[in-house]
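For reference, the chains in residue letters:
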Amino acid sequence: MSQWGAYYRAQPHGDEEEEEREEGDGHEEGPEPLGGSGFSGRDSLIFLVDASQAMFQPCHDQEAATPFDMTMQCIRNVYTSKIISSDRDLLSVVFYGTQTNKNSADFKHVYVLQDLDNPGAKRVLELDQYRGEEGQALFRKTFGHNADYSLGEALWACSNLFSDVRVRLSHKRIMLFTNEDNPHANDSAKAKLARTRAGDLRDTGIILDLLHLKKPGGFDISLFYRDIINVADDEDLGIQPDESGKLEDLMKKVRAKETRKRALVRLNLYLNKDLSLSVGVYNLIQKAYKPYPVKLYRETNEPVKTKTRVFNGKTGSLLLPSDTKRAQVYGNRQIVLEKEETEELKRFGSPGLFLIGFKPLSMLKQHHHIRPAQFIYPEESLISGSTTLFNALLIKCLEREVMALCRYTIRQNTPPRFVALVPQEEELDEQKVQISPPGFHVIFLPYADDKRNVDYTEKVPASQEQVNKMKEIIQKLRFKYRTDSFENPVLQQHFRNLEALALDMLEPEQAEDLTTYDDQADKKPKIEVSEDSLRSYVQAGTLGKLTVPALKDACRFYGLRRLLHEVQQRFGELGIGQRVGFGVHLCLALGRGERAARYARSRCGVRHIHRLPGSPHIPALNL
């Protein structure tokens, strides 16, 4: 018993081990990286936002939101995405160009809104305060604007935030949002300081990305920022995306940069016995699951830690790992194996990709697919010159339309597989954002044992009329499939429910199921109450007698989805009953504006009703 206790106390605690190395990428195969991962720890991201007056002015050639509003919406989307996908990552928001200042070094016109910490509901709600016209007015009142800022000091403040973190960080990244292409045009000293601080960030491994926004006259990156920004090793500094004028374009760039690019494994691609290069293996597609629920102690709501112990079934005594062995029954005989023997049975050679030869791409068939493919990209950090040799191999395979056949052993204790390396050329969109990276897809080829003979019935010939009808059906069902066009409705609704609970929303947003055909799309929903009855309720001022589901159906029947969402949001904040809100909106929808005002005054003390700016169909209520 004492031996077992000593052994158990010697084991590292789960939290400390998880703090040192993050292995929660969810890969089914989790091989150990070769040559040291260099990626152990947490990802950290600082949003450095230009808060000068120019960011609050809409561009003259569009009616979209201001650059600042686009930035805050983009940051909020990243926060909510991180809460779902990587809640252990650290995020921060820093403003520069403000009248007030708040930072550890007391730099002027630099305000740290949120320190580097895990994303949470309270932080998202804090960001929501500065969205929209009301949020921008609150920002001006709280922080103000001042053009006499120093970008170098803002970068210094960000560097201090990274230094103050007590946990190990794997990636350090700063995203700079601005629409000013030459901030220190009239001050060479500040420009020199900014370049110096940017060089210091580069030396300490901190990545500085520029997310430039649209401005009148265009954004010229060569004036100042080309000497400031530094990108990751797997990105090209020479290819800079165009300026963003829409939220969709901005989100696409941010998502491409902040998405974790951790390699599943790093290994060598052997072209022959004397020539090899190093590559990183990545999972481009992976099945998404609901996060595992965390068990909590009923009394304190603290997470419960599970510990596993092995007991002797006859005596009930605790067993050490050295007290157990493994056995395999073969020919009615139990073959006992030592631990070293079981490990030796799993080894099939050293890990790596070993080139066998080349075959035309036409020989790879669709029925060869047995599991999702992986992707390889050169790793210059392990073997110098790998990128050059990898690019030469990729270009030649693309020119000759061939694939490389290899023996693939991902780690020592996994059996080898035969794979086909299918070349892929880099593809950029109109915004010069990378759509498809250059590299090789690792297609797993089936063994002979993976193929099976399917029993089928005798062929029953179809008539020509049946063939023609089937052709018409197939023609109508054909469409261009895109994986990013369909979201898992179960997962999306699950995350929306969690978001509604965390942000104290009245009810969660309903996820749209794009995987089913809606044959009722052109039909209006049925409602329990007829239009005449609704009008009588409006005239009598007794809409409050109807149930909430009946009022919701009525709002949907009259196409008041935006009104429905607005009422839920606004009345949830005011703490007023749902029925009163629906009653007011139904009065307005049915053309009873005076009765709506009277109904609001009598039911909830609303003094008057007016229209929201920019939303002619959504009335706002003032108490």
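Residues numbered from 1 in each chain as written. Predicted model: local features only at pLDDT ≥ 70, side-chain atom pairs only at ≥ 80, totals over all residues. Heavy atoms only, no water.

Undergrad: Mind showing me how you'd approach the overall build of the protein chain here?
TA: The helix and strand inventory of the protein chain stands at 17 helices and 18 strands. Long-range contacts, defined here as pairs at least 24 residues apart, represent 69% of the contacts in the protein chain between residues at least 6 apart. Surface exposure of the protein chain reaches about 38,500 Å², of which carbon and sulfur atoms provide 49%. (Helix = DSSP H or I, 4+ residues; strand = E, 2+ residues; numbered from the N terminus. Contact = heavy atoms within 4.5 Å. Areas by Shrake-Rupley, 256 points an atom, 1.4 Å probe, with all protein chains shown as cover.)

Undergrad: Sorry, what's going on with the packing of aromatic side chains here?
TA: The geometry of two aromatic rings is summed up by the distance between their centres and the angle between their planes. Tallied over the full model, the rule gives 19 aromatic pairs. Each ring, one from Tyr 408 and one from Phe 444, has its centre 5.9 Å from the other, and the planes form 45 degrees; the classification is tilted. Of this pair, Tyr 408 sits in strand 12 (residues 402-409) while Phe 444 is found in strand 16 (residues 439-444), placing the two residues 36 residues apart along the sequence. Side by side, Tyr 408 and Phe 444 carry an identical accessibility label, which is buried. Among the aromatic side chains, those forming a connected cluster through ring pairs are Phe 56, Phe 68, Phe 95, Tyr 111, Tyr 130, Phe 139 and Phe 143. The ring of Trp 156 carries the charged tip of Arg 197 above its face, separated from the ring centre by 3.6 Å. (Phe/Tyr/Trp six-rings, centres within 6.5 Å; stacked < 30°, edge-to-face > 60°. Buried < 20%, exposed > 50% of the residue type's maximum accessible area, 1.4 Å probe, protein only. Lys NZ or Arg CZ within 6 Å of the ring centre and 35° of its normal.)

Undergrad: What am I meant to see in the side chain of Glu 379 here?
TA: Mapped onto the elements of the fold, Glu 379 is located in the loop between strand 11 (374-378) and helix 10 (386-400). For Glu 379, a relative accessible area of 11% gives the class buried. Contacts of Glu 379, omitting those with residues within four sequence positions, involve Arg 266, Ser 278, Val 279, Gly 280, Tyr 282 and Ser 386.

Undergrad: Explain the pairing of strand 2 (residues 90-96) here, please?
TA: Within a regular strand, side chains alternate between the sheet's two faces. With seven of seven residues buried, strand 2 is to be regarded as a mostly interior element. Going residue by residue along strand 2, you find Leu 90, Ser 92, Val 94 and Tyr 96 tucked away on one face and Leu 91, Val 93 and Phe 95 tucked away on the opposite face as well. Of the pairings in the sheet, the one linking strand 1 (residues 42-50) to strand 2 comprises seven bridges and is parallel in character. Opposite Leu 45, over in strand 2, you have Leu 91 as the bridge partner. Here strand 2 runs beside strand 3 (residues 110-117); their pairing, made up of five bridges, is antiparallel. From the neighbouring strand, Val 94 faces strand 3, where its bridge partner is Val 112. (Pairing = 2+ DSSP bridges.)

Undergrad: How should the packing of helix 6 (residues 151-164) against helix 7 (residues 188-203) be read in this particular structure?
TA: The description of two packed helices rests on the angle between their axes and on the distance between the axes. Axis separation between helix 6 and helix 7 bottoms out at 7 Å; the angle between their running directions is 25 degrees. Put simply, helix 6 runs roughly parallel to helix 7. Remark: the crossing between helix 6 and helix 7 carries left-handed chirality. In contact with Leu 151, Gly 152, Glu 153, Leu 155, Trp 156 and Ser 159 of helix 6, helix 7 contributes Leu 193, Ala 194, Arg 197, Ala 198 and Leu 201. Considering only residue class, the contact of helix 6 with helix 7 consists of seven nonpolar, two polar and two charged. (Axes fitted to C-alpha atoms, helices over the stretch in contact; angles between N-to-C directions. Parallel < 35°, antiparallel > 145°, perpendicular 65-115°, else oblique. Left-handed = near helix turned anticlockwise from the far one by under 90°. Nonpolar A, V, L, I, M, F, W, Y, C, P; charged D, E, K, R; others polar.)

Undergrad: Is there a simple way to think about the sheet that holds strand 12 in this case?
TA: What links the strands of a sheet is backbone hydrogen bonding, and the strands pair in either a parallel or an antiparallel sense. Pairing is mixed around the closed barrel formed by seven strands, whose spatial order is 6-7-11-16-13-12-10. The average undirected angle you get between the axes of adjacent strands in this sheet is 40 degrees. Pairing between strand 10 (residues 352-360) and strand 12: eight bridges, direction antiparallel. In the sheet register, Pro 360 faces strand 12, and the bridge partner there is Val 402. Contacts from helix 10 reach strand 6 (265-270), strand 7 (276-282), strand 10, strand 11, strand 12, strand 13 (417-424) and strand 16, with the element oriented near 70 degrees to strand 16.

Undergrad: Got a minute to help me understand the pattern of salt bridges in this structure?
TA: Opposite charge on two side chains lets them pair, provided their charged atoms get close. Per the counting criterion, the structure on display carries twelve salt bridges. Where Arg 347 meets Glu 343, a salt bridge forms, and the shortest distance between an N and an O atom there is 3.9 Å. Two residues, Glu 344 and Arg 347, come together in a salt bridge whose shortest N-O distance is 3.2 Å. A relative accessible area of 48% places Glu 344 in the partly exposed class. Because the salt bridges share partners, they merge into one network encompassing Arg 76, Asp 128 and Arg 131. (Salt bridge = Lys/Arg side-chain N within 4 Å of Asp/Glu carboxyl O.)

Undergrad: What's the story with unusual backbone geometry in this structure? I'm lost.
TA: Generally, phi is negative for residues other than glycine and the peptide bonds are trans, each holding for most cases. At Asp 106, a residue that is not glycine, the phi angle is positive and equals roughly 60 degrees. Looking at the element boundaries, Asp 106 is found in the loop between strand 2 and strand 3. Non-glycine residue Glu 401 carries a positive phi angle of around 55 degrees. You can see Glu 401 is positioned in the loop between helix 10 and strand 12. According to the relative accessible area criterion, Glu 401 is exposed, its value standing at 55%.

Undergrad: Help me understand the environment of Asn 268, please; the structure alone is not making it clear to me.
TA: Here Asn 268 lies in strand 6. Polar contacts involving the side chain of Asn 268 include one to the side chain of Tyr 270, which spans 3.3 Å. (Polar contact = N/O pair within 3.5 Å; in protein donor to acceptor, adjacent residues only side chain to side chain.)

Undergrad: What should I look at first to understand the confidence of the model for the protein chain in this one?
TA: For any part of a model where pLDDT is low, the fine detail of the predicted coordinates should not be relied upon. Across the protein chain, the average pLDDT comes to 76, with 73% of residues at or above 70. For residues 1-39, every residue scores under 50 in pLDDT, and the model assigns this stretch 53 contacts once sequence neighbours within four places are set aside. (pLDDT = per-residue confidence, 0-100.)

Undergrad: Got a minute to help me understand the nonpolar core in this structure?
TA: The tendency in soluble globular proteins is for nonpolar side chains to be buried side by side. Membership of the largest hydrophobic core comes to 34 residues, with the highest contact counts inside it found for Leu 48, Tyr 96, Leu 151, Ile 174 and Tyr 225. Elements represented by at least two residues in this core include exactly strand 1, strand 2, strand 3, helix 6, strand 4 (169-178), helix 7 and strand 5 (206-212). If one sorts the elements of this core by residue count, helix 6 sits on top with seven residues. Of all hydrophobic cores here, the second largest spans 30 residues; its members include Val 49, Ala 51, Tyr 130 and Leu 211. (Core = buried A, V, L, I, M, F, W, Y, C linked by side-chain atoms within 4.5 Å.)

Undergrad: Got a minute to help me understand the sheet that holds strand 4 in this structure?
TA: Here five strands make up an open sheet; going across it, the order is 3-2-1-4-5 and the pairing mixed. Strand pairing shows two members of the sheet lacking a second neighbour, strand 3 and strand 5, which therefore form its edges. The mean angle between the axes of side-by-side strands here comes to 15 degrees, regardless of whether they run parallel or antiparallel. Helix-sheet contacts for helix 4 (residues 121-128) involve strand 2 and strand 3, and the interaxial angle to strand 3 is about 155 degrees.

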